[in-house]
Amino acid sequence: MSEAPKTSLSSQDLNKLRDFLLDNVQRGLAQNTPRMGSRRETIQDLLEKAYAQTKLQLDSDLRKQIFGDIADTLHGYGPLQPLLDDESVTEIMVNSHRNVFVERAGKLIRTDIQFRDENHLMQVIQNIVQPLGRRIGEDSPSVDARLPDGSRVNAIIPPVAIDGASVTIRKFSKERLGVPALINFGSLTDTMAQFLEACVRARLNIVISGGTGSGKTTLLNILSSFIPERERIVTIEDAAELQIQQEHVVRLETVPPKEDGSGGMPVRALVRNSLRMRPDRIVIGEVRGGEALDMLQAMNTGHDGSLTTLHANTPRDAISRLETMVLMAGMDLPAASARQQIASAIDLIVQQSRLTDGSRKVTYISEVSGMEGDIVVMSDIFRFVQTNITPDGQVIGDMKATGIRPLFMSRLEAAGFSLGAKVFMTPR
């Protein structure tokens, strides 16, 4: 018996077929909720039944592709699933349903991946945020969330996003990076790593400053690994992504307010609550607003050894940004008082930068050494000096000690670290 002739469909008819199959499967799932762990198999069965109703004979490869697209839309993240599975991709940026970019090795690359239309993209966004207990709609057109694998998601939709919905997914390596990996990548030197370990163990208050995608969270994870196991750590984040390796950890995550504006737990409330939890260390994923004042007050009242990150391009900019965020707390503090709080609370600023060639490096390690009049005094202990750029765009430079010994050396020595004068000597 001869095989039935294969059916050829236009792109418009293929879209109609996809919509028909998707609608049938969604109704089937709504009528009979699949058992835990059997959702993918149930979707496949429903697809087979719905396809049989069409009486079509599509080419097997095309049929497999359509089934796969629908299964990913319902079970995974649609066209984004292959990018999420690709370990070389560190960031996914959906500018519209036709424009999808990724970051690989620090470089932005446009992909050939597209969504069928705006409705398809919106369906995938809902699939992402609904299982996470978050909502997005016209009344709340943006959302921050965390995927089960730890990846961070931001989605924003019309009317705020003028050209259509946009999604940004920051992926995190499944492999936990350590100091040897950063040294191997050229992100810092062994001497700088020893110095930072001593600072963490000596309970200095450290701020990691950097731009978007510069590697602040990765560095925060690594610095937190130096905290002794015997200490109690409380972490506070908007979307939990820190990978604290110690056992004695309490992880706190913000909760958005309800649709009527009631409830919710912002970062500032969590910082205040953490002070009643007997923390040895408070680790805040990122300070963005008035919680900076609560953090500084905690650092100044016995909760030393705290770690956090913020967005700034230089250590001096980090001080200015902290001052601005303290004033956002609504306490009517004079600017000079805000600077005094910062100078007395913060010991060290570590500047993390993404260079023009996509590499990520610690470009400054700077001590906050006090006040001189109304100015916060800072001293660079280590810094990266760029010397050249190769024809293919690679940045060449050296990480050097500046020759300045930090004023907190006695604290490092009291913690059992004797780094020696050579650590801080400027190489000839």
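For the structure, see preceding data.
Computed from a predicted structure; not experimentally measured.

Caption draft 1: Up close: the overall build of the chain. Check the secondary structure of the chain and you find 13 helices and 15 strands. Projected onto its principal axes, the C-alpha positions of the chain cover 90 × 55 × 40 Å. Considering the chain as a whole, with its 428 residues, one finds that 49% of them fall into the buried category. Summarising the internal contacts of the chain: among those between residues at least 6 apart in sequence, 55% fall at separations of at least 24. In the form shown here, the chain has an accessible surface area of approximately 21600 Å², with 48% of it arising from carbon and sulfur atoms. Taken as two groups, the 49 positive and 53 negative side-chain charges of the chain have centres that lie 2 Å from each other.

Caption draft 2: Local environment of the packing of aromatic side chains. This structure, assessed with the given rule, holds five aromatic pairs. Between the aromatic rings of Tyr51 and Phe67, the centroid separation amounts to 5.7 Å while the plane-to-plane angle is 85 degrees, which identifies the pairing as edge-to-face. Here the residue Tyr51 occupies a position in helix α2 (residues 39–54), and Phe67 occupies one in helix α3 (residues 60–75), the gap between them amounting to 16 residues. Both residues of the pair, Tyr51 and Phe67, belong to the buried class. Each residue in the set Phe195, Phe382, Phe408 and Phe424 is aromatic and connected to the rest through ring pairs, giving one cluster.

Caption draft 3: Layout of unusual backbone geometry. Each neighbour pair has its own omega, and for Pro158 with Pro159 the value is 10 degrees, a cis peptide bond. You can see Pro159 is positioned in the loop between β5 (152–156) and β6 (166–170). Even without being a glycine, Arg278 presents a positive backbone phi close to 55 degrees. You can see Arg278 is positioned in the loop between α9 (267–274) and β10 (281–284). Taking relative accessible area as the criterion, Arg278 reaches 57% and is therefore assigned exposed. For Asp332, which is not a glycine, the phi torsion comes out positive at approximately 55 degrees. Tracing the backbone shows Asp332 in the loop between α11 (315–327) and α12 (335–345). Relative accessible area serves as the criterion here: at 77%, Asp332 is assigned to the exposed category.

Caption draft 4: Structural detail: the sheet that holds strand β9 (residues 249–253). The strand order across the open sheet formed by nine strands is β9-β8-β10-β11-β7-β12-β13-β14-β15, and the pairing between neighbours is mixed. On the outer flanks of this sheet lie β9 and β15 (395–401), each paired with one strand and no other. For this sheet the average axis-to-axis angle between neighbouring strands, irrespective of direction, equals 25 degrees. Where β10 and strand β11 (residues 307–311) come together, two bridges link them in parallel fashion. What sits directly across from Val283, in β11, is Leu307.

Caption draft 5: Representation of the pairing of β11 within the structure. By the criterion of burial, β11 is predominantly enclosed, with four of the five residues buried. Looking at chain direction, strand β7 (residues 206–210) and β11 are connected through five bridges and run parallel. What sits directly across from Gly210, in β11, is His311. Running through helix α10 (residues 291–300), the crossover from β10 to the neighbouring parallel element β11 is right-handed.

What counts and what doesn't
- Residues numbered from 1 in each chain as written.
- Predicted model: local features only at pLDDT ≥ 70, side-chain atom pairs only at ≥ 80, totals over all residues.
- Heavy atoms only, no water.
- Helix = DSSP H or I, 4+ residues; strand = E, 2+ residues; numbered from the N terminus.
- Buried < 20%, exposed > 50% of the residue type's maximum accessible area, 1.4 Å probe, protein only.
- Contact = heavy atoms within 4.5 Å.
- Areas by Shrake-Rupley, 256 points an atom, 1.4 Å probe, with all protein chains shown as cover.
- Lys, Arg positive; Asp, Glu negative; His and termini not counted.
- Charge placed at Lys NZ, Arg CZ, Asp CG, Glu CD.
- Phe/Tyr/Trp six-rings, centres within 6.5 Å; stacked < 30°, edge-to-face > 60°.
- Pairing = 2+ DSSP bridges.
- Axes fitted to C-alpha atoms, helices over the stretch in contact; angles between N-to-C directions.
- Right-handed = clockwise from strand over helix to strand, strands pointing away.

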